[in-house]
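Next come the chains, spelled out residue by residue.
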Amino acid sequence: MNNDRVYYSHAAETHARRVMAAFTMFALTLGVGIGAMVALLFAPSSGKQARHDLAQSIGDDWENGRNAVDPMIRRLEDKVAELVKKVEERVTQLA
């Protein structure tokens, strides 16, 4: 890498290189993902099955995620409601 910048510390130079590497990896991953989607979108009829399988997989993952998270959210809501009730009771006792 040819870099004409002047860095005042090794840490600053290392940080700049890491940021540039992270950006490059993100751009590369994004490009591959978009390319795969476009390839599936314009695929011939054999791509219909792949698109269907992909949509089914994403839908199943979404539903499984919701099924796993919903009970946890309900428990958290109950705990927060219990905490608010206890705090209100303590504030009432102090007043």
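Notes on the structure in this doc start here.

Cut-offs and rules
Residues numbered from 1 in each chain as written. Predicted model: local features only at pLDDT ≥ 70, side-chain atom pairs only at ≥ 80, totals over all residues. Heavy atoms only, no water. Helix = DSSP H or I, 4+ residues; strand = E, 2+ residues; numbered from the N terminus. Rg over C-alpha atoms; globule rule 2.2 N^0.38 Å. Buried < 20%, exposed > 50% of the residue type's maximum accessible area, 1.4 Å probe, protein only. Areas by Shrake-Rupley, 256 points an atom, 1.4 Å probe, with all protein chains shown as cover. Lys, Arg positive; Asp, Glu negative; His and termini not counted. Charge placed at Lys NZ, Arg CZ, Asp CG, Glu CD. Salt bridge = Lys/Arg side-chain N within 4 Å of Asp/Glu carboxyl O.

1. Things to note about the overall build of the protein
Step number 1: What the protein contains, in helices and strands, is two helices and zero strands.
Step number 2: Over its C-alpha atoms the protein spans a radius of gyration of 26 Å, topping by over 25% the 12 Å that the globule rule assigns to 95 residues.
Step number 3: Along the first, second and third principal axes, the C-alpha atoms of the protein reach 70 × 55 × 15 Å.
Step number 4: A total of 95 residues make up the protein; the buried ones form 1% of that total.
Step number 5: Taken as a whole, the protein presents about 8,800 Å² of accessible surface, with 65% of it coming from carbon and sulfur.
Step number 6: In the protein, 12 side chains carry a positive charge and 12 a negative one; their mean positions are 3 Å apart.

2. Notes on the pattern of salt bridges
Step number 1: Counted according to the given criterion, the structure contains two salt bridges.
Step number 2: R17 is paired through a salt bridge with E13; the nearest N and O atoms lie 3.0 Å apart. Placement of the pair is R17 and E13 together in helix α1 (residues 10-41), with a separation of four residues, close to one helical turn.
Step number 3: Notably, a salt bridge pairs K86 with E82, separated by 3.5 Å at the nearest N-O pair. Here K86 and its partner E82 are both found in helix α2 (residues 46-94), four residues apart, which amounts to about one turn of the helix.
Step number 4: E82 gets classed as partly exposed once you look at its relative accessible area, which sits at 41%.

3. What about the environment of Y8?
Step number 1: Locating Y8 in the fold gives a position in the segment before α1.
Step number 2: According to the relative accessible area criterion, Y8 is exposed, its value standing at 80%.
Step number 3: Considered as a pair, Y8 and L94 are 86 residues apart in the sequence and their alpha carbons are 57 Å apart.

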